[in-house]
Amino acid sequence: QMCIRDRYLPEGTWIDYWNGDAYEGGRIVNEYPAPLWKIPVFVKADAIIPMTNPNNNPSQIRQNYRAYEIYASANGTSAFKEYDDDGNTTQYLHGNGVTTDVSVCTDGKGRMRVDIQPAQGTYDGYEAEKLTELRVNVTRAPKKVTAKVGKTTVKLTQVQTPVSYTHLRAHETT
């Protein structure tokens with residue numbers, strides 16, 4: 001069953017989380033088609049969203065994994081400071097936590113730079129070596145993608161479907 005909804009979007013460019021369509025804000029989006037199962041979700045352009053594995057409580061979070069969903073515009077910059085702690089105690093009150101600066105810059109020529117700085121701080125149970133997944137959301141595929149960790153070029157693998165992505169992840173973690 002289809003439901004047609006009107007949604008107000010604040011100023012700026014907004015990306016439909018489900019299909020990648022871009023909307024200019026500062027207005028009402030009239031007759032946005034949304035079946036009952038689809039909650040309308042819009043992400044502000046140039047957002048960097050920290051993610052983790054699906055979980056029901058902090059004890060299920062993989063400490064050796066982190067992911068960032070990136071919604072970069074053609075010519076923009078975005079940055080934030082990620083904070084992490086053990087998720088169970090009040091040791092953060094005593095300065096036991098980790099911060100990581102993350103930034104994304106695009107130059108208007110189809111090039112993007114993602115910088116993830118070395119983490120600062122520590123806490124009991126902190127794992128410094130993390131598998132880092134970048135989920136870069138774009139409206140069309142780039143001609144070339146490269147990545148470096150420090151000065152070392154990293155091999156990237158392109159996947160076309162969720163099944164091939166899951167297959168790749170299963171082989172990386174074994």
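In what follows, the structure referred to is the one given above.
Counting restarts for each chain: residues are numbered from 1 in the order of the written sequence. Restriction of local features to residues with pLDDT of at least 70 applies here, the model being predicted, together with a cutoff of 80 or more for giving and counting side-chain atom pairs; totals for whole chains, interfaces and linings are based on all residues. As a rule here, side-chain values cover all heavy atoms of the structure and leave hydrogens and water aside.

Chemist: For the nonpolar core, give the residues involved together with the corresponding values.
Modeler: If you look at soluble globular proteins, the nonpolar side chains tend to sit buried side by side. In this text, buried Ala, Val, Leu, Ile, Met, Phe, Trp, Tyr and Cys residues form a nonpolar core when linked through side-chain atoms within 4.5 Å. Exposed residues in this analysis have more than 50% of their type's maximum accessible area, buried residues have under 20%, and partly exposed residues fall in between, with area computed by a 1.4 Å probe over protein chains only. Counting seven residues, the largest nonpolar core is built from Leu 9, Trp 14, Tyr 23, Val 29, Tyr 32, Ala 34 and Phe 42. Per-element accounting of this core gives the leading share, three residues, to strand E4 (residues 27-35). The contact rule is simple, with two residues in contact once any of their heavy atoms fall within 4.5 Å. Ignoring anything within four residues of it in the chain, the contact list for Leu 9 reads Trp 14, Tyr 23, Gly 25, Gly 26, Arg 27, Val 29 and Phe 42. Counting residues in each nonpolar core, the second largest holds five residues, with Tyr 68, Ile 70, Val 102 and Val 104 among its members. Working definition: helices are DSSP H or I runs of at least four residues, strands are E runs of at least two. Numbering for both runs from the N terminus.

Chemist: Just give me the short version of a nonpolar patch on the surface, but keep the residues and values in it.
Modeler: Every patch collects residues that have over 30% relative accessible area and no salt bridge, joining them within 9 Å if they carry like charges and within 5 Å if they are nonpolar side chains (Val, Leu, Ile, Met, Phe, Trp, Tyr). All accessibility values rest on the Shrake-Rupley procedure with a 1.4 Å probe; residue burial counts only the protein chains present in the view. The term salt bridge refers to a side-chain nitrogen of Lys or Arg lying within 4 Å of a carboxyl oxygen of Asp or Glu. Where nonpolar side chains cluster on the molecular surface, the patch consists of Met 112, Leu 134, Val 136 and Val 138 and spans about 300 Å² of accessible area. Mapped onto the elements of the fold, Met 112 is located in strand E10 (residues 112-116).

Chemist: If you had to explain the pairing of strand E2 (residues 13-16) to someone new, which residues and values would you point to?
Modeler: The pairing criterion is simple: DSSP has to find at least two bridges between the two strands. For E2 and strand E3 (residues 22-24), the ladder comprises three bridges, and the chain directions are antiparallel. Of the residues in E3, the one forming a bridge with Thr 13 is Glu 24. Between E2 and E3, which pair antiparallel in sequence order, lie five residues; one of them, Gly 20, sits at a positive phi of approximately 85 degrees. Summarising the sheet, E2 and strand E5 (residues 42-44) pair through three bridges and their orientation is antiparallel. Note that in E5 the partner of Asp 16 across the bridge is Phe 42.

Chemist: Provide a residue-level description of the environment of Arg 111, including the pertinent values.
Modeler: Tracing the chain through its elements places Arg 111 in the loop between strand E9 (97-106) and E10. Take Arg 111: its relative accessible area is 51%, and that puts it in the exposed class. Residues Arg 111 and Leu 156, 45 residues apart in the sequence, show an inter-C-alpha distance of 16 Å. Among residues more than four places away in sequence, those in contact with Arg 111 are Cys 105 and Thr 106.

Chemist: Explain the pattern of salt bridges to me, and be specific about the residues and the numbers.
Modeler: Going through the model one piece at a time under the given rule, you end up with five salt bridges. Close ionic contact of Arg 135 with Glu 69 constitutes a salt bridge, the shortest N to O distance being 3.5 Å. Of the two residues, Arg 135 is situated in strand E12 (residues 131-136) and Glu 69 in strand E7 (residues 65-71); the sequence distance between them amounts to 66 residues. Of the residues examined, Arg 135 reaches a relative accessible area of 25% and is grouped as partly exposed. Ionic contacts of the salt-bridge type, sharing partners, join the residues Glu 69, Glu 133 and Arg 135 into one network.

Chemist: Tell me about the side chain of Lys 130, and please be specific about residues and values.
Modeler: Along the polypeptide, Lys 130 turns up in the loop between strand E11 (120-122) and E12. Buried and unpaired, Lys 130 has Asp 84 as its nearest opposite-charge partner, separated by 4.2 Å. Not counting residues up to four positions away in its chain, the partners in contact with Lys 130 are Gln 63, Asn 64, Tyr 65, Arg 66 and Asp 84. For the purpose of charge, His is not counted, nor are the chain termini; Lys and Arg are scored as positive and Asp and Glu as negative.

Chemist: An account of the sheet that holds E2 is needed here, citing residue identities and associated values.
Modeler: The strand order E3-E2-E5 describes an open sheet built from three strands, whose pairing is antiparallel. Either end of the sheet is taken by a strand with one partner, and the two such strands are E3 and E5. Recorded for the sheet is a direction-independent mean angle of 35 degrees between the axes of neighbouring strands. Only the contacting stretch of a helix is used when fitting its axis, a line to C-alpha atoms as for every element, and angles between N-to-C directions run 0 to 180 degrees.

Chemist: Could you give an account of the sheet that holds E12, naming the residues involved and the relevant values?
Modeler: Strand order in this open sheet of three strands is E6-E7-E12, and the pairing throughout is mixed. Each having just a single partner strand, strand E6 (47-51) and E12 make up the two edges of the open sheet. Between one strand axis and the next, the sheet turns through 20 degrees on average, direction left out of account. Two strands pair when backbone bridges link them, and E6 and E7 are joined in this way by five bridges, in the antiparallel orientation. For Pro 50, the partnering residue across the bridge sits in E7 and is Tyr 68.

By themselves these figures say nothing about function.
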